[in-house]
Amino acid sequence: MYKLSPSEFAYLYEECKLCYFLKIKQGIERPKSPFPGVFSALNTRLQGALIGNDLRKLSSVLPEGTVESQEGFIESQQVTNTNVYIKGKYDLLVRQPDNTYLIVDFKISQPSEEKIAKYQRQLQAYHYAFEHPARGEAKNITKLGLIIMYPDQVKFNDGQASITFPPQWMEIDIKKDSFLEFMKGVHTLLEGPPPSENPNCRWCKYRHIGEKLTHPQQTDIPF
Ligand code: SF4
């Protein structure tokens with residue numbers, strides 16, 4: 001069985017099927033770019049301030065519910081009619097007043113409608129894993145969404161700079177059937193031959209030019 005990470009549905013899977021195939025089947029990862037530590041620090045502090053709180057009390061634009069856990073791992077059973085399963089780390093699990101749950105992904109980013117489409121599969125994958133957990137009891141998830149925060153105003157006062165991060169809420173529709181269709185597509189991709197590379201990707205252009213220059217006599221360079 002292949003382990004699939006929900007966060008890779010938003011980026012790697014969309015960017016290049018070959019890179020995705022190599023990562024999942026052979027553990028070959030594209031080189032990582034450095035990630036500025038300030039984003040992790042902001043993310044941890046902002047998310048940490050939510051734990052144990054009712055979202056609605058923190059901001060009137062957020063849905064009601066108490067944040068029960070943060071950055072937990074969840075793993076699913078084998079997805080129906082495939083040889084894949086989901087394993088990943090969600091951002092926030094929120095218990096709603098009716099005792100059903102809400103899964104939130106937390107983003108420090110500019111809000112836009114495109115984000116809803118971009119993160120739909122990621123959140124739907126967490127939804128599947130919570131409803132079909134590899135261990136423990138299933139949770140009834142009735143809502144998915146993004147809390148998006150982006151720095152707004154800056155004030156200097158008494159030697160301190162304060163930046164405001166007004167939260168925004170973007171709800172994501174639950175689409176169980178289309179997620180299962182998507183999972184079947186991923187299964188088919190992984191069971192088939194290596195797909196084509198993305199012709200616009202600079203990593204592969206670099207790789208091919210580098211190979212030509214350094215191994216000009218070798219014509220059958222494998223992936
Ligand atoms: S084109 Fe090559 S390096 Fe770029 S994403 Fe695809 S396989 Fe990876």
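- The name given to the chain in an unreviewed UniProt entry is PD-(D/E)XK endonuclease-like domain-containing protein.

### Observations concerning the overall build of the chain
Alright, step 1. Looking only at helices and strands, one finds eight helices and ten strands in the chain.
Alright, step 2. Overall size of the chain, expressed as C-alpha extent along the three principal axes, is 65 × 50 × 30 Å.
Alright, step 3. Residue pairs in contact within the chain that sit at least 24 positions apart in sequence constitute 63% of those at least 6 positions apart.

### Some words on the sheet that holds strand β3 (residues 73-75)
Alright, step 1. Spatial strand order, β1-β4-β3: three strands in an open sheet with mixed pairing. Two strands in the sheet have a free side with no partner beyond their single neighbour: β1 (2-4) and β3. Each neighbouring strand pair of the sheet contributes to a mean axis angle of 25°, computed without reference to strand direction.

### Regarding the UniProt feature "domain: PD-(D/E)XK endonuclease-like" (unreviewed entry) in the chain
Alright, step 1. Here the UniProt-annotated "domain: PD-(D/E)XK endonuclease-like" (unreviewed entry) positions come out as residues 74-209.
Alright, step 2. From the first C-alpha to the last, residues 74-209 spans 41 Å; its make-up is 32% helix and 32% strand.

### Notes on the pairing of strand β4 (residues 84-89)
On a regular strand, each side chain points to the face opposite its neighbour's, so the side chains alternate between the two faces of the sheet.
Alright, step 1. Both β1 and β4 contribute to a ladder of three bridges, which runs parallel. Bridging from a neighbouring strand, Leu4 pairs with Ile86 of β4.
Alright, step 2. Bridge analysis of β3 against β4 gives three bridges, and the strand direction is antiparallel. The partner of Phe73 across the bridge, within β4, is Lys89.

### Quick notes on the nonpolar core
Alright, step 1. In terms of nonpolar packing, the biggest core is built from 39 residues, with Val94, Ile103, Tyr126 and Ala129 touching the most fellow members.
Alright, step 2. Those elements that provide at least two residues to this core are α3 (17-26), β5 (92-95), β6 (101-108), α6 (113-131), β7 (141-149) and α7 (176-191).
Alright, step 3. Per element, the largest residue contribution to this core is seven residues, and it comes from α6.
Alright, step 4. Val94 has contacts with Leu55, Gly65, Thr66, Val67, Glu68, Tyr101, Leu102 and Val104, leaving out every residue within four places of it along the chain.

### Some remarks on the environment of Ile116
Alright, step 1. Mapped onto the elements of the fold, Ile116 is located in helix α6.
Alright, step 2. Using a count of 16 C-beta atoms within 10 Å as the deciding quantity, one classes Ile116 as partly exposed.
Alright, step 3. Through-space distance from the C-alpha of Ile116 to that of Ile172 is 6.1 Å; in sequence the pair is 56 residues apart.

### Some thoughts on unusual backbone geometry
Alright, step 1. Not every positive phi belongs to a glycine, and Asn81 is a case in point at roughly 60°.
Alright, step 2. Summarising the element assignment, Asn81 is placed in the loop between β3 and β4.
Alright, step 3. Judged by the 9 C-beta atoms lying within 10 Å of it, Asn81 falls in the exposed class.
Alright, step 4. At Asp158, a position not held by glycine, the phi torsion is positive, near 50°.

What counts and what doesn't
Residues numbered from 1 in each chain as written. Predicted model: local features only at pLDDT ≥ 70, side-chain atom pairs only at ≥ 80, totals over all residues. Helix = DSSP H or I, 4+ residues; strand = E, 2+ residues; numbered from the N terminus. Contact = placed C-beta atoms within 7 Å. Pairing = 2+ DSSP bridges. Axes fitted to C-alpha atoms, helices over the stretch in contact; angles between N-to-C directions. UniProt positions renumbered as here; feature names shortened; annotations may be inferred. Core = buried A, V, L, I, M, F, W, Y, C linked by C-beta atoms within 7 Å. Buried ≥ 20, exposed ≤ 12 C-beta atoms within 10 Å, placed from the backbone.

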